[in-house]
Structures are given as structure tokens and as C-alpha cells.
Amino acid sequence: MSDTTQEGAIAVSAPPSSDDGLTSAELAAKYGLSVSGARPGLGDYVRQLWGRRHFILAFSQAKLTAQYSQAKLGQLWQVATPLLNALVYYLIFGLILGTRKGIPQEVFVPFLVTGVFVFTFTQSSVMAGVRAISGNLGLVRALHFPRASLPISFSLQQLQQLLYSMIVLVAVAVAFGSYPRLSWLLVVPALVLQFLFNTGLALIMARLGSKTPDLAQLMPFVMRTWMYASGVMFSIPVMLKDRPAWIADVLQYNPAAVYMDLVRFALIDGYGSSNLPAHVWLAALAWAVLLGVVGFVYFWKAEERYGRG
């Protein structure tokens, strides 16, 4: 269509478009457009993660190598740090406060070292999860990949670090009279279940930490309280025998205590099944599945919001 103006010029007006009156969503649907970084379906998300499995493994290994790259002792700190913590706890709690009450000396030292190493696995996974998104915003904003790769990778990093520590743990167990036997194989399923639990918890903390960076300052106090309530340096049934039974039950069935007890039972000769709560393997499986599934779905639901201001 054309119209003549007062100066004699011809103005051309565009014909009405078929897109007039369509909403943004309708236009996107008409031309096959999709939101950049939109959350995929849960099944597609799992497939994307599986496709990034090599990245997840390589990223965790790189982080593990870089963690102590500036230290002269390098990777030895992976073992030395929890071992020094165990030594401090032994001096304070074992010798001064006498928390090894009811536990023979040859059992208490591997009992304590196992508790410190296994709890540190969960503690480090949680702390790394809190910063998984907020501490890697450059990577999150620059590249398109399933964001769950980051907290999963950090949990895998802590598992690799624990495996290095297991060398020292085995040496301590043997030094105090616990020699290799078939029950040692139970360490494998116990750590696999703990890894699933830790990963689910890291995914939850990653989502919370992505919007509340101050959570990283609060979590050390939460984790320290959890450690003291989980029987890292004392036997829960022995120390609480004069208290109402439900208190000991609550503390023994908390996931940190469950996984520690399973590894202790597997490695330490003097730590028998009488020290374990009933149905402990079922409790370990339930915690792993519950936190693993809930944590993964909870993180996935906010996938498109990570890194967006």
C-alpha cells in the first residue's frame, strides 16, 4: 500500500503481518524457538550428565591436583590433614576427657581415625557443594552444560581424596591388631552408599549456596555440631547409656554415624555387630536413596536460574 504526502512523495506502508497480536510464547512456538538455558526434562538431564561423565571425572581430578599445588608437601596433605585432626582429637578427647570409656585402647585409635576420615568425607563434600555454583560463576555463565556436573564432580573429588586416606586408615588398623579379612570388602558398599548420600546433600547445598553465599560462613558451625553429635570420638551407646534410649537411637541413626559405624565394623576386629543399631544397612541404603533422589531433583528444578544474577 502507498499514500501520497503533501510534498508529493510516496510513503510505503507495510502490509499487516500475520504475527501481529501474537504473544512472545506464541511467536516462539511458531518459529521453533526455545529459551536459552531452559531446564530440560529430568530424563534428558540425566542423559546430558552421562554425556559429560568424562568432564566430571577430569574436573574432579584437576581440582584434587590443584588443591595442594602451592604446598611443598603437595598431595601428602590429603592424608596428613585428617590424620593430624585425629591426633588432636585423641589427645583432647581420648586422653584428657576420657571419651574412650568402654572401648579398649587397641580399638579406640582405629575407631577414632576411622570416624575422622569418614566424617571428613561428608563434611568436605558439603562444604564444596555450598560453593559449587557461587564459586564457579565464570564457568557457569560462559559455558552451557548441566550444572549438576559441578557438585557431583566436587563429591567425586572428595571420594578420591578419601581413597588416598584409606591407605593410612588400613595401616592404622593393622598396627592395632585388625588384619585383613573378608569383612573388609564391606567398606566398598558402605562408601558407595555414603558417596550417593554426600552427592545428594552437596546438590542441595549447591542450590542453596547459589542464592545465599553467606551460607558458606555458617556451614562450618553446622558441620562441627553434626560431628560432635555423630560419635566421631566416642561410642554413642556407651556415653548415653544413662540417658533415655531414644536419644541414642536418634544419634545412631543419623547418616554420618551410620556410615562411620559400617566402616568401623568392616575394618576393626574389636568393633562387633553389637555396636551397630538394628537394620543398619537398610538405614544406610535409605539415607543414600532419599538424599540422592531428593537432592538431584531439588537441584534440577532450579537449573535455568543458576548464574543469572
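This write-up is about the structure you can find in this document. Everything numeric in this text was worked out from a predicted model, so none of it was measured.

Scoring rules and cut-offs
- Each chain has its residues counted from 1, running along the sequence as written.
- Whole-chain, interface and lining totals are the exception, using all residues; otherwise, since this is a predicted model, local features are given only for residues with pLDDT of at least 70 and side-chain atom pairs are given and counted only at 80 or more.
- Side-chain descriptors were evaluated using all non-hydrogen atoms of the structure, hydrogens and water having been removed beforehand.
- Residues enter a patch when their relative accessible area is above 30% and they make no salt bridge; the linking distance is 9 Å between like charges and 5 Å between nonpolar side chains (Val, Leu, Ile, Met, Phe, Trp, Tyr).
- Areas reported here follow the Shrake-Rupley algorithm with a probe of radius 1.4 Å; residue values treat only the protein chains shown as occluding.
- By salt bridge we mean one thing: a side-chain nitrogen of Lys or Arg within 4 Å of a carboxyl oxygen of Asp or Glu.
- Charge counting follows a simple rule: Lys and Arg are positive, Asp and Glu are negative, and His as well as the terminal groups are ignored.
- Here the site of a charge means atom NZ of a Lys, CZ of an Arg, CG of an Asp or CD of a Glu.
- Numbering of helices and strands runs from the N terminus, with a helix taken as a DSSP run of H or I at least four residues long and a strand as a DSSP run of E at least two residues long.
- Between N-to-C directions, angles cover 0 to 180 degrees, with each direction set by a line fitted to C-alpha atoms, over the stretch in contact for helices.
- Angle categories are assigned with fixed cut-offs, so that under 35 degrees is roughly parallel, over 145 is roughly antiparallel, 65 to 115 is roughly perpendicular, and the rest are oblique.
- When the near helix sits turned anticlockwise from the far one by under a right angle, the crossing is termed left-handed; a clockwise turn instead gives a right-handed crossing.
- Any two residues having at least one pair of non-hydrogen atoms within 4.5 Å are treated as being in contact.
- Throughout, the ten residues Ala, Val, Leu, Ile, Met, Phe, Trp, Tyr, Cys and Pro are labelled nonpolar, Asp, Glu, Lys and Arg are labelled charged, and all others, Gly among them, are labelled polar.
- In this scheme, a helix's expected span is set at 1.5 Å multiplied by one less than its residue total.
- Burial status follows relative accessibility: with a 1.4 Å probe on protein chains alone, a residue under 20% of its type maximum counts as buried, one over 50% as exposed, and anything between as partly exposed.
- This arc is built from the directions going out from the helix axis to the C-beta atoms.
- Pairing of aromatic rings covers Phe, Tyr and Trp, the last counted by its six-membered ring, and requires centre-to-centre distances within 6.5 Å; plane angles under 30 degrees mean stacked, over 60 mean edge-to-face, and any other angle means tilted.
- Counted as over-ring charges are cases with an Arg CZ or a Lys NZ within 6 Å of the ring centre that also lie within 35 degrees of the ring normal.

1. Remarks on a positive patch on the surface
Thought 1: Among the surface-exposed residues, Arg 39, Lys 211, Lys 301 and Arg 305 lie close enough to one another that they form a single positively charged patch.
Thought 2: Examined against the element boundaries, Lys 301 turns out to sit in the segment after helix H13 (280-300).

2. Describing the packing of helix H5 (residues 105-130) against helix H12 (residues 255-267)
Two quantities define a packed helix pair, namely the angle between the helix axes and the distance between the axes.
Thought 1: Where H5 meets H12, the closest approach of the two axes is 9 Å, and the angle between their N-to-C directions is 130°. Looking at the two axes, H5 sits oblique to H12. Read as a crossing pair, H5 and H12 show a hand that is right-handed. Of H12, the residues touching H5 (which contributes Phe 111, Thr 114, Gly 115, Val 118 and Phe 119) are Ala 256, Tyr 259, Met 260, Val 263 and Arg 264.
Thought 2: By residue class, the composition of the contact of H5 with H12 is seven nonpolar, two polar and one charged.

3. Describing helix H3 (residues 53-67)
An α-helical segment advances 3.6 residues per turn. Residues three or four places apart therefore align on the same side.
Thought 1: An ideal rise of 1.5 Å per residue puts 21 Å on 15 residues; H3 measures up with 21 Å between its terminal C-alpha atoms.
Thought 2: Turning to H3, its buried residues are Ile 56, Phe 59, Ser 60 and Leu 64. Buried residues in H3, looked at end-on, bunch into an arc of 135°, giving them a common side.
Thought 3: For H3, the secondary structure elements touched by its buried residues are helix H2 (42-51), helix H4 (77-96), helix H6 (137-142) and helix H7 (149-175).

4. Some words on the pattern of salt bridges
Thought 1: A complete count under the given rule lists three salt bridges for this structure.
Thought 2: A salt bridge links Asp 261 to Arg 264; the shortest N-O distance between them is 3.7 Å. Of the two residues, Asp 261 and Arg 264 both sit in helix H12, three residues apart, roughly one turn of that helix. Residues Asp 261 and Arg 264 agree in their burial class; the two are buried.

5. Considerations on unusual backbone geometry
Residues apart from glycine generally show negative phi values, whereas peptide bonds are mostly found in trans.
Thought 1: Even without a glycine there, the phi angle at His 279 is positive, about 55°.
Thought 2: Within the secondary structure, His 279 is located in the loop between H12 and H13.

6. A closer look at a nonpolar patch on the surface
Thought 1: A contiguous nonpolar patch, built from Leu 84, Leu 87, Val 88, Leu 91, Ile 92, Leu 95, Ile 96 and Leu 97 and spanning about 740 Å² of accessible area, is present on the exposed surface.
Thought 2: Relative to the assigned elements, Leu 87 resides in helix H4.

7. Description of the environment of Gln 158
Thought 1: Position of Gln 158 relative to the elements: it lies in helix H7.
Thought 2: With relative accessibility at 8%, the residue Gln 158 sits in the buried group.
Thought 3: Put simply, Gln 158 and Leu 64 are 94 residues apart on the chain and 8.1 Å apart in space, counted from C-alpha to C-alpha.
Thought 4: What Gln 158 contacts, discounting residues up to four positions off in sequence, is Phe 121, Ser 124, Ser 125 and Ala 128.

8. Quick word on the packing of aromatic side chains
Thought 1: The final tally for this structure, using the stated rule, is 12 aromatic pairs.
Thought 2: Where Phe 108 meets Phe 111, the ring centres are 6.2 Å apart and the plane angle is 20°; that geometry is what we call stacked. Of this pair, Phe 108 and Phe 111 both sit in helix H5, three residues apart, which is roughly one turn of that helix. The burial state of Phe 108 is the same as that of Phe 111; both residues are buried.
Thought 3: Grouping aromatic residues by their ring pairs yields a cluster made of Phe 119, Phe 197, Trp 226, Tyr 259 and Trp 287.
Thought 4: Positioned over the ring face of Phe 145 is Arg 147, at 4.8 Å from the centre of the ring.

Keep in mind these numbers describe shape, not what the thing actually does.
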